[in-house]
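Single-letter residue listing:
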Amino acid sequence: MVYIQENISLKPFNTFGIDVNAKHYVSVTSIPQLKEVLKLKTYPRKLILGGGSNILLTKNQDTLVIHINIKGIHIVSQTENDVIIQAQAGENWHEFVLWALNNNYGGLENMSLIPGHVGTAPIQNIGAYGVELKDVFESCEAISIENGITKTFTKTDCQFGYRNSVFKQKEKGKYIITSVNFKLSKKNHKLLTQYGSITSQLETMNIKTITIQDISKAVISIRQSKLPNPKEIGNAGSFFKNPIVSKQVFNKLVSQFNDVPNYPINENEIKVPAGWLIEKAGFKGKRFTSHGVHNKQALVLVNYGGANGLDIFELSKLIQQTVNRLFSISIETEVNIL
Ligand code: EPU
């Protein structure tokens, strides 16, 4: 049996904390329940909600919101070196990372403290501090919204890219991911400490023999120092993707500023941090009445309390236009605007 509720506030279910209503709402905790809901003909329009950490709600949702709360973590198989773990879509991402670390399974530690649920992680190939979901991904199961049939997607099927996958392209809006299989290491863990400030953070923590648990602690400290806790200040992490620009555009930028942080992608393309561009455009820490740009990381737009989703959306457009006018670079949103 499923219980459909009417006119439910989505405020507790989106990390931006935007108070809009769902016309119809259902929380599903099992695959049979999900299949039952998908069969209902009364609700042709459906919105699938996971951890709500990558959406900006700009209006009441005149749909059936299906909230995926299917839980469970188990070992599928293992060898001497590796283990395949299956986590259900409704598991909280960070709690899953902590579970892996408690069992001394390696591979997820650099992605500690990313908000959201396991099931939505593959959609945008979440990543942080030099690791992306695709590096530990084995496969996922997904249910077709149209006919309720389950399909397994391999890593190749998912076509992962930078904050991108087949679920944002060809299969957009067609599937609900119900579980993800991860391949994690049991020993000889790869310790990825090169990215950003992990090494200096580990030094500050005075750690000599580094473990995966230490890397997780370092990542947590760095994130807590830069990124607002959604439980205190509403936000959806990086609002924009880092743009990949041509050498020509990059050289023009370097002629204006000699300190442009950059990550070469190939011979002709360079990734430039959008946060840096937004800061140079003067938006960092800018506060409007109840919304603004975070003062420690300009990529993050925030709701100080009671903000309207449309106001945040307008601010995002102003930022895009200003960055484009000043630097001739377009920055795309990472967050889904609904
Ligand atoms: N920077 C600034 N000003 C800012 C923000 C950043 O000058 O306001 C500069 C930093 O000094 C640094 C560079 O930009 O030189 C990169 O900054 P940072 O390491 O903080 O990473 P990012 O590129 O801004 C990306 C991800 C984050 C992820 C971090 C760490 C995207 C869109 N964002 O941010 O992901 O945590 O790297 O790996 O790729 C998320 O997706 O929600 C998210 C938080």
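Residues numbered from 1 in each chain as written. Predicted model: local features only at pLDDT ≥ 70, side-chain atom pairs only at ≥ 80, totals over all residues. Heavy atoms only, no water.

A. Structural context of the domain arrangement of the chain. For the chain, the assigned domains are domain 1 (5–68), domain 2 (73–192) and domain 3 (234–337). The gap between the C-alpha centroids of domain 1 and domain 2 is 22 Å. Each side of the interface is counted separately: domain 1 has eleven residues, and domain 2 has 14 residues. The contact between domain 1 and domain 2 buries some 1000 Å² in all, and 72% of this surface belongs to carbon and sulfur atoms. There are zero salt bridges connecting domain 1 and domain 2. Sorting the residues of the side of domain 1 that touches domain 2 by element identifies α1 (31–39) and β3 (46–49) as the ones contributing at least two each. Sorting elements by how many residues they give to the side of domain 1 that touches domain 2 places α1 first, with four residues. (Domains from an automatic or database assignment. Contact = heavy atoms within 4.5 Å. Buried area = accessible area lost by both parts, 1.4 Å probe. Salt bridge = Lys/Arg side-chain N within 4 Å of Asp/Glu carboxyl O. Helix = DSSP H or I, 4+ residues; strand = E, 2+ residues; numbered from the N terminus.)

B. Inspection of the environment of Val 272 at higher detail. Structurally, Val 272 can be placed in the loop between β16 (269–271) and α7 (274–280). By relative accessible area, Val 272 is classed as buried at 0%. Linking Val 272 and Asn 262, residues ten residues apart in sequence, is a C-alpha distance of 4.9 Å. Setting aside its immediate chain neighbours within four residues, Val 272 contacts Asn 242, Pro 243, Val 245, Phe 250, Leu 253, Val 260, Pro 261 and Leu 277. (Buried < 20%, exposed > 50% of the residue type's maximum accessible area, 1.4 Å probe, protein only.)

C. Molecular detail of the pairing of strand β10 (residues 137–144). Within β10, six of the eight residues are buried, leaving the element largely enclosed by the surrounding structure. Here β10 runs beside strand β12 (residues 175–185); their pairing, made up of seven bridges, is antiparallel. If you follow Ser 144 over to β12, its bridge partner there is Tyr 175. Here β10 runs beside strand β11 (residues 150–154); their pairing, made up of five bridges, is antiparallel. Within the sheet, the bridge partner assigned to Glu 141 lies in β11 and is Thr 152. Between β10 and β11, which pair antiparallel and follow one another directly, the connecting turn spans five residues, one of which, Gly 148, has a positive phi of 70°. (Pairing = 2+ DSSP bridges.)

D. Representation of the packing of aromatic side chains in the model. Summed over all chains, the structure comprises 15 aromatic pairs. Both rings, one in Phe 96 and one in Trp 99, keep their centres 6.4 Å apart while their planes meet at 15°; by these two values the pair is stacked. Here the residue Phe 96 and the residue Trp 99 both occupy positions in helix α2 (residues 93–102), the gap between them amounting to three residues, near one helical turn. Taking the relative accessible area as the measure of exposure, Phe 96 reaches 0% and is therefore buried. Ring plane angle 85° and centroid distance 5.0 Å describe the contact between Phe 153 and Tyr 175, whose orientation is recorded as edge-to-face. Residue Phe 153 is found in strand β11, and its partner Tyr 175 is found in strand β12; the two are separated by 22 residues along the sequence. Here Phe 153 falls in the buried class, since its relative accessible area comes to 2%. Classification of Tyr 175 as partly exposed rests on a relative accessible area of 21%. Three or more aromatic residues link up through ring pairs in this structure, and these residues are Trp 93, Phe 96, Trp 99, Tyr 105 and Phe 182. The ring of Phe 153 carries Lys 151 above its face, with NZ or CZ at 4.6 Å from the centroid. Here the basic side chain of Arg 287 rests over the ring of Tyr 304, its NZ or CZ set 3.8 Å away from the ring centre. (Phe/Tyr/Trp six-rings, centres within 6.5 Å; stacked < 30°, edge-to-face > 60°. Lys NZ or Arg CZ within 6 Å of the ring centre and 35° of its normal.)

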